[in-house]
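Below are the chains, spelled out letter by letter.
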Amino acid sequence: MCWDFGSAEEASNQTFDAAIDFLSMNANNEDLDLLEAAHADAPPARQPKIQGAIVSILARTNLDAALSRVVEAQVDKVEPKLVDLLFSDPQSIPTAAATLCVSAKSETVRLRAVKMLYERGGLSLDVAQVLLTDSNHEVRLFAAEGLRKLGVELDGEQLKKALQIVKPNAALGLFSRSETDSTYYDRYQTNRLLELDLPNLRERAAVAGVFDGDELSALYSKYGAKVIGEIRAGLKDRFKSHFEAKVQAGLTAGYISPETLERVRKLEDFARGRLTNAALASLCKLSRADDTTLVRSLLDGGGIDANADVIRYLGKHGDWSDVDRIKALGQDQRVSLFETRTKLPDEKAEAILLIGKERIIDVLVLDAPNDIRLCIAKKLPRRAIRDLRDEVLLTHLKDQHDEFRIVFSLRCVESLPRGRVAKLLDRYVDSTEHRFYNTIHWLDLGASMPNIVVKAIAAKALVQH
């Protein structure tokens, strides 16, 4: 018999968190004094949790006060579900309150506030100019778009300074070079192209020469249904014929010389790959079932980035043979100097569950990266969890990956009747195999407390994982 006592302190923290979570979901204004006193006496590490509970209570009773509290108390970490609650009814938030929120310490609150102000035309000139230097570059993008709406056109250098992210590559030491992430600058430029009608986009693509990826990407995105034949034709050879035609046109017109042709050829794979990814995303967004063969052939040929539209397409029109394709998309892809990760695990999990809805047990034992497995555990339908045999549930309650095990424990507590949770706990504790304290902690909670309380605490705890 082997126990894992390494998480005892973690379990103590979870008990504290569970109590605060319960208060944040069930307390009312009469309990605010209790929480205020607890916040004053709590160590710094616990204060943000209590502060969040106070904001959560206020959000249900006095939205203006909740938003003011977030700003005045400089609450740094605001849970996504709480942010959704705070901004769930934009019509109830005065422009003055939203403007106050652009000075919040929480980036997610600032972003939601500036997005709301931009959409309602309430972003003032002074505020937009200040937000051009915000630490969050998506906030900066809304500020730049807001300035344009107000008639202030930033020049190229101003836009690059505001929207490009430049960081040195520390790995190169004294000889480091900076790497530039142009994601938000490119989005700004794309927005300008998307404002054009079809003839003007065609004209812009024609004069762009060989490197017409931005223009064609905008055209395919905005007018995909009208040019679907062109998209399919380009994808069949990954825009090889298109590129060759553009090169020949450039040589004939003289803007490509024999001397520059070699440099153009060196950029061919990059240009065609970028256009292929954009065209494939547009094709998948149209969601035509008869494109599955073309989509699969492109994925099997490699070089396709993880993209939400492609993943959703496979989830809707694919079968079990596409699960490996979904997993492989963007796996270990280097996004930039700043981030390397398996992209879009949430979307991948959703697509895999759609494909595997009749074989959930196979979905649970997939050899997949942990971030995808974790999202699968979070998204499993409650009915699917209830339909699994206890032996299967117990296997996953002993999973070696800590986060997966905690989430799966919480989903069992959230989804199963109290009596069944109690039986699982008994079998888990009586087992001679390795057991984990955090699993016992959550099963014990589910077996000992009323269902309505347990489900509320489990739902809140799942937000943390």
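All of these numbers come straight from a predicted model, not from anything done at the bench.

(A) Examining the overall build of the chain more closely. On a plain count of helices and strands, the chain comes out with 29 helices and six strands. The burial tally for the chain puts 47% of its 465 residues in the buried class. In the chain, of all internal contacts separated by at least 6 residues, the share reaching a separation of at least 24 is 66%. About 23500 Å² of surface is accessible on the chain, with carbon and sulfur atoms providing 52% of the total.

(B) The arrangement of the packing of aromatic side chains in detail. With the rule as written, the count across this model stands at three aromatic pairs. Measuring from ring centre to ring centre gives 5.7 Å for Tyr118 and Phe142, while their planes differ by 55°; the resulting arrangement is tilted. With a gap of 24 residues between them, Tyr118 in helix α7 (residues 107-119) and Phe142 in helix α9 (residues 137-149) connect regions that are remote in the sequence. The exposure class assigned to Tyr118 is buried, which follows from its relative accessible area of 19%. By relative accessible area, which is 14% here, Phe142 ends up buried. Sitting above the plane of the Tyr118 ring, Lys149 keeps its charged end 4.2 Å from the centroid. Positioned over the ring face of Tyr188 is Arg192, at 4.6 Å from the centre of the ring.

(C) Expanded view of the packing of helix α28 (residues 437-448) against helix α29 (residues 451-462). Remark: α28 packs on α29, axes separated minimally by 9 Å, with the N-to-C direction vectors making an angle of 150°. Between α28 and α29, the crossing angle belongs to the class labelled roughly antiparallel. Residues Trp442, Leu445 and Gly446 of α28 form the contact with α29, whose participating residues are Val454, Ile457 and Ala461. Classifying every residue of the contact of α28 with α29 gives five nonpolar, one polar and no charged.

(D) Summary view of the environment of Ile360. Residue placement: Ile360 occurs in helix α22 (residues 360-364). We classify Ile360 as buried; its relative accessible area is 10%. Beyond its immediate sequence surroundings of up to four residues, Ile360 is in contact with Leu353, Leu380 and Ala384.

(E) Fine view of unusual backbone geometry. Backbone geometry at Ser287 places phi at a positive 55°, although glycine is not the residue there. By secondary structure assignment, the location of Ser287 is in the loop between α17 (268-286) and α18 (292-300). Phi at Leu344 is positive, roughly 55°, even though this residue is not glycine. Mapped onto the fold, Leu344 is located in the loop between β5 (339-341) and α21 (345-355).

(F) Expanded view of the side chain of Ser106. The residue Ser106 is located in the loop between α6 (95-101) and α7 in this model. Within the local environment of Ser106, its side chain forms a polar contact with the side chain of Thr108, the two groups lying 2.9 Å apart. Those residues in contact with Ser106 that sit more than four places away from it in its chain are Val75, Asp76 and Val78.

(G) Local environment of the side chain of Glu145. Mapping Glu145 onto the fold places it in helix α9. Beyond its immediate chain neighbours, meaning those up to four positions away, Glu145 contacts Tyr118, Tyr188, Asn191 and Arg192.

(H) Geometry of the packing of helix α26 (residues 402-415) against α29. Contact geometry of α26 with α29 gives a least axis separation of 9 Å together with a crossing angle of 150°. In terms of their interaxial angle, α26 and α29 are classed as roughly antiparallel. The chirality of how α26 crosses α29 is left-handed. Contact residues: Val407, Leu410, Arg411, Val413, Glu414 and Ser415 in α26; Val454, Lys455, Ala458, Ala459, Ala461 and Leu462 in α29. Of the residues contributing to the contact of α26 with α29, the split by class is eight nonpolar, one polar and three charged.

(I) Representation of the pattern of salt bridges in the model. Under the criterion given, the structure shown has 36 salt bridges. Two residues, Lys246 and Asp212, come together in a salt bridge whose shortest N-O distance is 3.5 Å. Linking Lys246 in helix α15 (residues 240-253) with Asp212 in the loop between α12 (198-207) and α13 (213-223), this pair joins segments that are 34 residues apart in sequence. With a relative accessible area of 14%, Lys246 lands in the buried category. By sharing partners, the salt bridges in this structure join Glu145, Arg148, Glu153, Arg192 and Glu195 into a single network.

(J) Just the confidence of the model for the chain, in detail. Put simply, the chain has an average pLDDT of 88, and 89% of its residues get 70 or more. Low pLDDT (under 50) marks residues 335-341, which in the prediction has 18 contacts with non-local residues, meaning those over four places away or in another chain.

(K) Structural detail: the nonpolar core. Tyr220, Leu235 and Leu280 are the most contacted members of the largest nonpolar core, which totals 81 residues. Ranked by the residues each element gives to this core, the list is headed by α26, at seven residues. Here Tyr220 is in contact with Val227, Glu230, Ile231, Phe239, Leu275, Ala279 and Ser282, once residues within four sequence places are set aside. Within the second largest apolar cluster, 53 residues are counted, among which are Ala53, Phe87, Ala97 and Met116.

(L) Representation of helix α19 (residues 308-317) within the structure. The buried count for α19 comes to seven of ten residues, which makes it a mostly enclosed element. Three or more residues of α19 are buried, namely Ala308, Asp309, Val310, Ile311, Tyr313, Leu314 and Gly315. Where α19 is buried, its residues contact α17, α18, α20 (323-328) and α21. The backbone nitrogen of Asp309 lies 2.8 Å from a side-chain oxygen of the residue at the head of α19, namely Asn307.

(M) The arrangement of helix α14 (residues 228-236) in detail. Taken residue by residue, α14 has Ile228, Ile231, Gly234 and Leu235 as its buried positions. For α14, the angular spread of the buried residues around the axis is 125°, confining them to a single face. The secondary structure elements touched by the buried residues of α14 are α13, α17 and α18. Arg238 sits one or two residues past α14 and shows a positive phi near 55°.

Rules and cut-offs
- Per chain, residues are indexed from 1 in the order of the written sequence.
- Per-residue local features are limited, in this predicted model, to residues with pLDDT of at least 70; the limit for side-chain atom pairs, both in listing and counting, is 80 or more; totals at the level of whole chains, interfaces and linings are taken over all residues.
- The side-chain figures draw on all heavy atoms in the structure; neither hydrogens nor water molecules are used.
- Each helix corresponds to a stretch of at least 4 residues labelled H or I by DSSP, and each strand to a stretch of at least 2 residues labelled E; elements are numbered beginning at the N terminus.
- Accessible area is worked out with a 1.4 Å probe on protein chains only. A residue is then buried under 20% of its type maximum, exposed over 50%, and partly exposed in between.
- Residue contacts follow a heavy-atom distance rule, with two residues in contact if any of their heavy atoms lie within 4.5 Å.
- Each accessible area is a Shrake-Rupley estimate made with a 1.4 Å probe; only the visible protein chains count as cover when residues are assessed.
- Think of it this way: a Phe, Tyr or Trp ring, Trp meaning its six-membered ring, pairs with another when their centres are within 6.5 Å, and the plane angle makes it stacked under 30 degrees, edge-to-face over 60, tilted otherwise.
- The criterion for a charge sitting over a ring is simple: Lys NZ or Arg CZ within 6 Å of the ring centre, and within 35 degrees of the ring normal.
- Note on definitions: angles span 0 to 180 degrees between N-to-C directions of axes, and those axes are lines fitted to C-alpha atoms, for helices only across the stretch in contact.
- These descriptions rest on fixed angle ranges, namely under 35 degrees for roughly parallel, over 145 for roughly antiparallel, 65 to 115 for roughly perpendicular, and the rest for oblique.
- Any residue outside Ala, Val, Leu, Ile, Met, Phe, Trp, Tyr, Cys, Pro, Asp, Glu, Lys and Arg is labelled polar, Gly included; the first ten of those are nonpolar and the last four are charged.
- Here a polar contact is recorded for every N or O atom pair within 3.5 Å, except that within protein the pair must consist of a potential hydrogen donor and a potential acceptor, and residues adjacent in sequence are included only if both atoms are side-chain atoms.
- Here a crossing is taken to be left-handed if its near helix is turned anticlockwise relative to the far helix by less than a right angle, and right-handed if that turn runs clockwise.
- For this analysis, a salt bridge means a side-chain nitrogen from Lys or Arg found within 4 Å of a carboxyl oxygen belonging to Asp or Glu.
- Confidence of the predictor in every single residue is expressed as pLDDT, which spans 0 to 100.
- We call a set of buried residues a nonpolar core when its members are Ala, Val, Leu, Ile, Met, Phe, Trp, Tyr or Cys and they connect through side-chain atoms within 4.5 Å of each other.
- Directions from the helix axis toward the C-beta atoms define the arc.

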